[in-house]
Amino acid sequence: MRVLRSATAVLARTLPLWLAAALMAPVPAAAQADFYKGKTIDLVISTGVGGGLDANARLVALHLADHIAGSPTIVPRNMPGAGHIRAANFVFNQAPKDGTVIATFIPVFVLAQVLDRSKSIQFDPANFNWLASTSSSNTTVYVWHASGVKSVADATKREVLMGGTGAGSYTLIYPTIMNSLLGTRFKLVTGYQSTAEIGLAMERGEIEGRAGNNFNSLKVENAELLKTGKITLITQVGLERDPEFPDVPLLTDLAKSDEDRRILQLFSTDVVIGRPFVTSPGVPADRVALLRKAFDEMLKDPAYLDDSKKAALDVTPIAGARVQNIVADLVHTPVDIVAKAKLAMEAKNIIERPN
């Protein structure tokens, strides 16, 4: 072994620098073509079929393999449930740690772990390998036009029925914290199986509004409702107002105190993560680098960009390393803010949807 080290040292001193570096460098990620050749990558989607996250994921499934050495087959698999926690638990704990499972989640699951609201959470978001986010978009709270509610202030004057899916979803989180910190009187009707089902219930008059629909999804799923004024946006959630909707106030703009603003900012930061893709903890670093590179290339690919435009899917990418840092910052939110945010999340005005 000593002789081997000595020979390596001599090579490093006597060969041209570029050649010595090449001989001693790690095997590049591209050399793993044999690993993915003939393999299938499962793409886990934390929502049901039909929403914006699902449409975005299926488009990625069509294009990503073109940029992965070995050209694996990518198969979308929907895994809704428990406010996206079911899918996150699976990818964190049960999925193979070899890069053959990737996933996309609505990033509320990061907030769920920070607030430690459920014993069912069996993951640490900071330990996922974040690969990229294909787009980032503010989310919304809106009501049906027939409700007569035009603003958050109006929602403090009477009870407003809001549709909700599973515990921990944005459909329940935003109305709950608004009730706690802003004095709104949202009554949450839970038990809907999907956000698409909530939309139909709103049109039927069964409920009056919903929360948690990102602008990029809203413009795809409900573009006509938006254009015709059938829905009224009363607030948007994010760190900056969407340039297309500058007159819709941010949730943080409505805070009644500096402390409330800090709590509302906590609930607004994960929106920046957008539509992220991850793979499991424990996947080898060079394979993570390969997948990140594949996403970076795909997000510049004219074919992918053209299909995204046809599908009205925004492409405003964020690199995986940056998303990793945003998540790490969220996970390390100061303890006092987390404690107060938990109090704001104590939902009291919830009813189950009648069968």
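Residues numbered from 1 in each chain as written. Predicted model: local features only at pLDDT ≥ 70, side-chain atom pairs only at ≥ 80, totals over all residues. Heavy atoms only, no water.

Engineer: Got a minute to help me understand the nonpolar core in this structure?
Structural biologist: A general trend in soluble globular proteins is that nonpolar side chains are found buried together. If you look at the biggest cluster of nonpolar residues, it comprises 62 residues, and the most contacted ones within it are Phe-105, Phe-128, Trp-130, Tyr-174 and Phe-267. With eight residues, helix α7 (residues 170-182) is the largest single contributor of residues to this core. The residues contacting Trp-130, other than those within four sequence positions of it, are Phe-109, Val-110, Pro-125, Ile-273, Pro-276, Phe-277, Val-278, Arg-292, Gly-320, Val-323, Gln-324 and Val-327. Core analysis: the next-biggest nonpolar cluster, separate from the first, contains 28 residues, Tyr-36, Ile-41, Leu-53 and Ala-294 among them. (Core = buried A, V, L, I, M, F, W, Y, C linked by side-chain atoms within 4.5 Å. Buried < 20%, exposed > 50% of the residue type's maximum accessible area, 1.4 Å probe, protein only. Helix = DSSP H or I, 4+ residues; strand = E, 2+ residues; numbered from the N terminus. Contact = heavy atoms within 4.5 Å.)

Engineer: Just checking my understanding: could you explain the sheet that holds strand β1 (residues 40-45) for this structure?
Structural biologist: Within a sheet, each strand pairs with its neighbour through backbone hydrogen bonds, oriented either parallel or antiparallel. Read across the open sheet, the six strands follow the order β2-β1-β3-β10-β4-β11; overall the sheet is mixed. At either margin of the open sheet sits one strand with a lone partner, and together these are β2 (73-78) and β11 (318-319). (Pairing = 2+ DSSP bridges.)

Engineer: Whenever I open this one, the pattern of salt bridges confuses me. Can you help?
Structural biologist: Counted under the stated rule, the structure contains 11 salt bridges. The partner of Glu-206 in a salt bridge is Arg-204, with the nearest N and O atoms 2.9 Å apart. Given the relative accessible area of 30%, Glu-206 is considered partly exposed. For Arg-204, a relative accessible area of 52% gives the class exposed. When the shortest N-O distance is used, the salt bridge between Lys-219 and Glu-244 registers 2.9 Å. You can see Lys-219 sitting in helix α9 (residues 215-221) and its partner Glu-244 sitting in the loop between β9 (231-237) and α11 (258-269), a full 25 residues away along the chain. (Salt bridge = Lys/Arg side-chain N within 4 Å of Asp/Glu carboxyl O.)

Engineer: I would appreciate a short explanation of the packing of aromatic side chains in the present structure.
Structural biologist: For any two aromatic rings, the description comes down to two numbers: the centre-to-centre distance and the angle of the planes. If you walk through the whole model with that rule in mind, you get eight aromatic pairs. Ring centres of Phe-35 and Tyr-36 lie 4.9 Å apart, and the angle between their planes is 85°; this geometry places the pair in the edge-to-face category. Per residue, the accessibility class of Phe-35 equals that of Tyr-36, and both read buried. Seen in terms of ring centroids, Tyr-170 and Tyr-174 are 5.0 Å apart; in terms of plane orientation they differ by 5°. Their pairing is stacked. On the criterion of helical spacing, the pair formed by Tyr-170 and Tyr-174 is a turn pair, its members being four residues apart in helix α7. The class for Tyr-170 is buried, based on a relative accessible area of 5%. On the accessibility criterion, Tyr-174 (0% relative accessible area) is buried. Seen from the ring of Phe-35, Lys-39 lies directly overhead, with NZ or CZ sitting 4.5 Å from the centre. (Phe/Tyr/Trp six-rings, centres within 6.5 Å; stacked < 30°, edge-to-face > 60°. Lys NZ or Arg CZ within 6 Å of the ring centre and 35° of its normal.)

Engineer: Would you mind showing me how to read the environment of Arg-262 here?
Structural biologist: Take Arg-262: it is sitting in helix α11. On a C-alpha basis, the gap between Arg-262 and Thr-252 in space is 8.1 Å, while along the polypeptide they are 10 residues apart. When near neighbours in sequence (up to four residues on either side) are disregarded, Arg-262 contacts Asp-336 and Ile-337.

Engineer: What should I look at first to understand the packing of helix α6 (residues 108-115) against helix α14 (residues 320-331) in this one?
Structural biologist: Angle between the axes and distance between the axes: these two values describe a pair of packed helices. Closest axis-to-axis distance for the α6/α14 pair is 9 Å, and the angle between their directions is 30°. Taken together, the axes of α6 and α14 are roughly parallel relative to one another. Of the two elements, α6 crosses α14, and the hand of that crossing is right-handed. Each of Val-110, Gln-113 and Val-114 in α6 lies in contact with α14, whose residues at this interface are Val-327, Leu-330 and Val-331. Across the contact of α6 with α14, the residue classes break down as five nonpolar, one polar and no charged. (Axes fitted to C-alpha atoms, helices over the stretch in contact; angles between N-to-C directions. Parallel < 35°, antiparallel > 145°, perpendicular 65-115°, else oblique. Left-handed = near helix turned anticlockwise from the far one by under 90°. Nonpolar A, V, L, I, M, F, W, Y, C, P; charged D, E, K, R; others polar.)

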